[in-house]
Amino acid sequence: MTTSAAGQPLIPQPPATVTALRQAVAQIAPVALPAFTRELDQAADQSRQGSDLAPLQRFVAQWAVYVHIQRQPRLAARLRELEDLAATGDTAQVRGAASEIGRMLDDAHAALSLLPR
């Protein structure tokens with residue numbers, strides 16, 4: 001991951017398009033590119049099968065939120081901590097971590113003017 005100065009985002013938030021999000025993921029979290037491609041293929045297949053754009057719209061929203069969080073090193077690090085806690089903590093820790101993760105995702109959706117998850 002690229003470093004940033006004093007808590008500044010690594011990159012500006014890209015437009016919510018497949019191409020722009022792919023470029024952002026490649027720049028800030030290249031290890032996530034295989035998941036991006038796999039999920040894009042799945043969303044495209046679902047959209048074709050159902051003649052519905054909703055799977056592609058969900059894909060773009062999900063990855064826009066991912067980029068929003070990952071481009072902010074402190075926020076991304078906190079999310080990783082919470083995910084680890086949710087996987088290994090006791091019941092109270094898991095609930096607390098899940099609650100904070102939910103708030104982070106809600107904040108990202110709001111910042112991107114996306115419908116709540």
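Residues numbered from 1 in each chain as written. Predicted model: local features only at pLDDT ≥ 70, side-chain atom pairs only at ≥ 80, totals over all residues. Heavy atoms only, no water.

Caption draft 1: Main features of the packing of helix α3 (residues 54-70) against helix α5 (residues 91-111). Interaxial distance between α3 and α5 falls to 9 Å at its minimum, and their mutual angle equals 105 degrees. In terms of orientation, α3 lies roughly perpendicular with respect to α5. Contacts between α3 and α5 involve Val65, His68 and Ile69 on the former and, on the latter, Leu105, Ala108, His109 and Ala111. A class-by-class count of the residues in the contact of α3 with α5 yields 5 nonpolar, 2 polar and no charged. (Axes fitted to C-alpha atoms, helices over the stretch in contact; angles between N-to-C directions. Helix = DSSP H or I, 4+ residues; strand = E, 2+ residues; numbered from the N terminus. Parallel < 35°, antiparallel > 145°, perpendicular 65-115°, else oblique. Contact = heavy atoms within 4.5 Å. Nonpolar A, V, L, I, M, F, W, Y, C, P; charged D, E, K, R; others polar.)

Caption draft 2: The arrangement of helix α4 (residues 73-88) in detail. The terminal C-alpha atoms of α4, which comprises 16 residues, lie 23 Å apart, in line with the 22 Å expected from a rise of 1.5 Å per residue. For α4, the set of buried residues is Ala76, Leu79 and Leu82. Taken around the axis of α4, the buried residues stretch over an arc of 120 degrees, which confines them to a single face. Seen from the buried face of α4, the exposed residues on the opposite side, beyond 90 degrees, are Arg74, Asp84 and Thr88. At its buried positions, α4 is contacted by α3 and α5. (Expected span 1.5 Å × (residues − 1). Buried < 20%, exposed > 50% of the residue type's maximum accessible area, 1.4 Å probe, protein only. Arc of directions from axis to C-beta.)

Caption draft 3: Representation of the confidence of the model for the chain in the model. Averaged over every residue, the pLDDT of the chain is 93; the share at 70 or more is 92%. The weakest mean pLDDT in the chain belongs to α4 at 95; the strongest belongs to helix α1 (residues 18-28) at 98. (pLDDT = per-residue confidence, 0-100.)

Caption draft 4: View of the pattern of salt bridges. Taken as a whole and judged by the stated rule, the model has 3 salt bridges. One salt bridge connects Arg78 with Glu81, and the closest N-O pair in it is separated by 3.0 Å. Note that Arg78 and Glu81 are positioned in helix α4 at a spacing of 3 residues, about one turn of the helix. With a relative accessible area of 44%, Glu81 lands in the partly exposed category. Linked by salt bridges that have partners in common, Arg78, Glu81 and Glu100 make up one network. (Salt bridge = Lys/Arg side-chain N within 4 Å of Asp/Glu carboxyl O.)

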